[in-house]
Amino acid sequence: MRKYVLIAAAVIVLTGAGLYLTSMGKADRIQQVPEVFRDLGIGWVTNDNGITLLQTRQGASVYPIIHDGQGLYILSGNVDQIKKYYIDKSRREIVIEQDLVKPQKTRKTPFQLVTIPATQYQTIVKDGTIMVRVQFNCLDKQSIYVQYDLVTKNSKLVDGLPLTQ
């Protein structure tokens, strides 16, 4: 009897770990700014080392975010490597973990794209907004917060301190 309890517990633990790991994603590496971002007027600069930095309109976030009926899209240049992203349901935010990448002479993909299906992010919407925490693992896990308004489709950089209290 005890043997079956241990096997059942192991199956439950492994299933839970598998579900957790599948809920984390990696960013897609892409060659061009996706069409869904067309109206945001995003520009970019790629330096001699192949590092691409995004340029957005005055007052906009440096992490452009947009959504449509399919999902939520977050764009980044390749200056930092998006290690993984996940939805933190307890804090009601999307977490993007980034690692600093050493400059290379040529980078094959200038952009990174995080795509989260609408069914997954709907549970963390609060007052018509979604909070995205960009965590920089190379800077002792310091974070910045970007708030995205689903109605106006605008994102802005916000102070992270009040959000953690």
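Residues numbered from 1 in each chain as written. Predicted model: local features only at pLDDT ≥ 70, side-chain atom pairs only at ≥ 80, totals over all residues. Heavy atoms only, no water.

**Q** Where do I start with the environment of valine 146 in this structure?
**A** Within the element layout of this structure, valine 146 appears in strand E10 (residues 142-149). Between the alpha carbons of valine 146 and isoleucine 94 there is a distance of 9.8 Å; along the sequence they are 52 residues apart. (Helix = DSSP H or I, 4+ residues; strand = E, 2+ residues; numbered from the N terminus.)

**Q** Please explain the pairing of strand E9 (residues 129-136) as it appears in this structure.
**A** Sheet faces and side chains relate simply in a regular strand, where the side chains alternate between the two faces. Here E9 lies mainly inside the structure; 8 of its 8 residues are buried. Here E9 shows no split at all, with Thr129, Met131, Arg133 and Gln135 on one side and Ile130, Val132, Val134 and Phe136 on the other all buried. Two elements, E9 and E10, share 8 bridges in a ladder whose sense is antiparallel. For methionine 131, the partnering residue across the bridge sits in E10 and is glutamine 147. Counting the residues in the hairpin turn of E9 and E10 gives 5 residues, including aspartate 140, whose phi is positive at 55°. (Buried < 20%, exposed > 50% of the residue type's maximum accessible area, 1.4 Å probe, protein only. Pairing = 2+ DSSP bridges.)

**Q** Mind showing me how you'd approach the pattern of salt bridges here?
**A** Any two side chains of opposite charge can pair, so long as their charged atoms come close to each other. Taken as a whole, this structure holds 4 salt bridges when the rule is applied. For arginine 91, the salt bridge identified is with glutamate 93, shortest N-O distance 3.6 Å. One salt bridge in this structure joins glutamate 93 and arginine 133, with 2.8 Å as the shortest N-O distance. Taken as a pair, glutamate 93 in strand E7 (residues 93-100) and arginine 133 in strand E9 lie far apart in primary sequence, 40 residues in all. A single salt-bridge network, built from bridges that share partners, covers Glu35, Arg38 and Asp39. (Salt bridge = Lys/Arg side-chain N within 4 Å of Asp/Glu carboxyl O.)

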